[in-house]
Amino acid sequence: VTNYEGAGGSAPVFRASGAGSVLNLSNLTNLDFSIAHATNMTIDAQTGGRIDLSRVTQMSDTVASAARSLRLSSSGTNSQIDLSSLVNFLDNSTWSAGWNSSFTVSSSGTILVPELQSIKEVYSTLDGSGTLQFNKLATATTSQFTVTQGSLSLPALTRLEQGALTISGGATISVPLLSNINGS
């Protein structure tokens with residue numbers, strides 16, 4: 001399988017849970033989460049589980065008129081979602097808060113996105129214990145970054161449109177190249 005297109009009427013879940021559990025989807029290159037209205041797609045690595053999506057270059061929904069999202073979560077030591085070829089993560093839903101796509105990293109989990117350059121309608125939440133590095137992310141539209149402890153570096157981010165940066169618990173966010181911000 002090289003292309004995944006959301007199935008209407010279902011709430012798809014890709015989950016790997018437990019040490020040694022591996023969900024190998026390494027042939028997948030495009031993930032379209034255009035699923036039914038009012039539905040979330042979940043990709044979840046827990047307690048040491050690993051999900052290999054290493055060849056996916058784009059994740060998006062192609063139909064903007066429905067409430068839906070793609071939620072990625074990695075929680076637990078050695079838990080990992082590998083999106084090492086991902087360039088764009090674009091949630092085109094026109095619905096309000098609660099239907100945003102997301103990255104959530106907690107309890108020493110990891111989501112690999114070294115090539116990610118553009119996100120739209122994506123909320124990223126880190127608790128300071130895991131790994132989510134946005135080394136090439138240049139544009140974030142209607143997206144939020146929340147860090148509750150530790151630090152987040154956005155070294156290439158130059159444009160944050162209708163977005164938010166939120167820190168607590170002594171956390172820091174570094175955005176040295178940010179030159180265009182249009183907060184909501």
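In what follows, the structure referred to is the one given above.
So, a few notes on the structure that sits alongside this text. Note that the coordinates shown come from a computational prediction; the quantities given were computed from them, not determined experimentally. (Residues numbered from 1 in each chain as written. Predicted model: local features only at pLDDT ≥ 70, side-chain atom pairs only at ≥ 80, totals over all residues. Heavy atoms only, no water.)

## Observations concerning the nonpolar core
So the rule is basically this: By convention a nonpolar core is built from buried Ala, Val, Leu, Ile, Met, Phe, Trp, Tyr and Cys residues, the set being connected through side-chain atoms within 4.5 Å. For each residue, the accessible area found with a 1.4 Å probe, counting protein chains only, is set against the maximum for its type, and the residue is called buried under 20%, exposed over 50%, and partly exposed in between. Each helix corresponds to a stretch of at least 4 residues labelled H or I by DSSP, and each strand to a stretch of at least 2 residues labelled E; elements are numbered beginning at the N terminus.
Counting 39 residues, the largest nonpolar core has Leu31, Leu72, Leu83, Phe89, Phe103 and Phe134 as the members making the most contacts within it. Of all the secondary-structure elements, those providing two or more residues to this core are strand E2 (13–17), strand E5 (39–46), strand E8 (68–75), strand E11 (101–106), strand E14 (122–126) and strand E17 (144–147). With three residues, E5 is the largest single contributor of residues to this core.

## Some words on the layout of surface pockets
Applied cut-off: Points on a 1 Å grid over protein atoms alone make up a cavity when a 1.4 Å probe fits among them but cannot get out, and a pocket when they form an open set with protein on both sides within 12 Å along at least five of seven lines; lining residues each have an atom within 4 Å of a point. Grid points are joined across faces, edges and corners, and a volume is the space filled by probe spheres set on the points. Only Asp, Glu, Lys and Arg are considered charged in this grouping, and only Ala, Val, Leu, Ile, Met, Phe, Trp, Tyr, Cys and Pro are considered nonpolar; every other residue, Gly among them, is considered polar.
Roughly 160 Å³ of volume is contained in the largest pocket. Lining of the largest pocket is provided by Leu126, Gly128, Ser129, Gly130, Thr131, Leu132, Gln133, Phe134, Asn135, Ser151, Leu152 and Ser153. Contributions of two or more residues to the lining of the largest pocket are made by strand E15 (131–132) and strand E18 (151–153). Top contributing element to the lining of the largest pocket by residue count: E18, with three residues. Across the lining of the largest pocket, the residue classes tally to four nonpolar, eight polar and no charged.

## Some remarks on the packing of aromatic side chains
Applicable threshold: Ring pairs are drawn from Phe, Tyr and Trp, using the six-membered ring of Trp, whenever the two centres fall within 6.5 Å, and their geometry is named by plane angle: stacked under 30 degrees, edge-to-face over 60, tilted for the rest.
What the rule picks out here adds up to five aromatic pairs. Measuring from centroid to centroid gives 6.2 Å for Phe33 and Phe89, while their planes differ by 80°, and the two rings are edge-to-face. One end of the pair, Phe33, is in the loop between strand E4 (30–32) and E5; the other, Phe89, is in strand E10 (residues 88–90), with 56 residues separating them in the sequence. For Phe33, a relative accessible area of 0% corresponds to the buried category. In this structure Phe89 comes out as buried when scored by relative accessible area, which is 0%. Seen in terms of ring centroids, Phe134 and Phe145 are 5.6 Å apart; in terms of plane orientation they differ by 80°. Their pairing is edge-to-face. With Phe134 in the loop between E15 and strand E16 (139–141) and Phe145 in strand E17, this residue pair connects regions lying 11 residues apart in the sequence. Judged by its relative accessible area of 0%, Phe145 falls in the buried class. What links up through ring pairs into an aromatic cluster is the set Phe33, Phe89, Phe103, Phe134 and Phe145.

## Some thoughts on the sheet that holds E16
Short version of the rule: Strand pairing requires that DSSP identify at least two bridges connecting the strands. Comment: axis = line fitted to C-alpha atoms, over the contacting stretch for helices; angle = value between 0 and 180 degrees taken between N-to-C directions.
Taken in spatial order, the eight strands of this open sheet run E1-E4-E7-E10-E13-E16-E19-E22, and their pairing is parallel. A strand with exactly one partner marks an edge of an open sheet, and here the two such strands are strand E1 (3–5) and strand E22 (180–182). On average, each strand axis in the sheet is tilted by 5° relative to the strand beside it, whichever way the strands run. In the sheet, E16 pairs with strand E19 (residues 159–161) via three bridges, with the strands oriented parallel. Paired with Thr139 across the bridge in E19 is Arg159.

## Notes on unusual backbone geometry
Positive phi is not limited to glycine here, since Ser107 has a value of about 50°. Tracing the chain through its elements places Ser107 in the loop between E11 and strand E12 (110–112). The class for Ser107 is partly exposed, based on a relative accessible area of 42%. Residues other than glycine seldom take positive phi values, yet Ser108 does so here, at roughly 70°. Tracing the backbone shows Ser108 in the loop between E11 and E12. Residue classification places Ser108 among the partly exposed residues on the basis of a relative accessible area of 32%.

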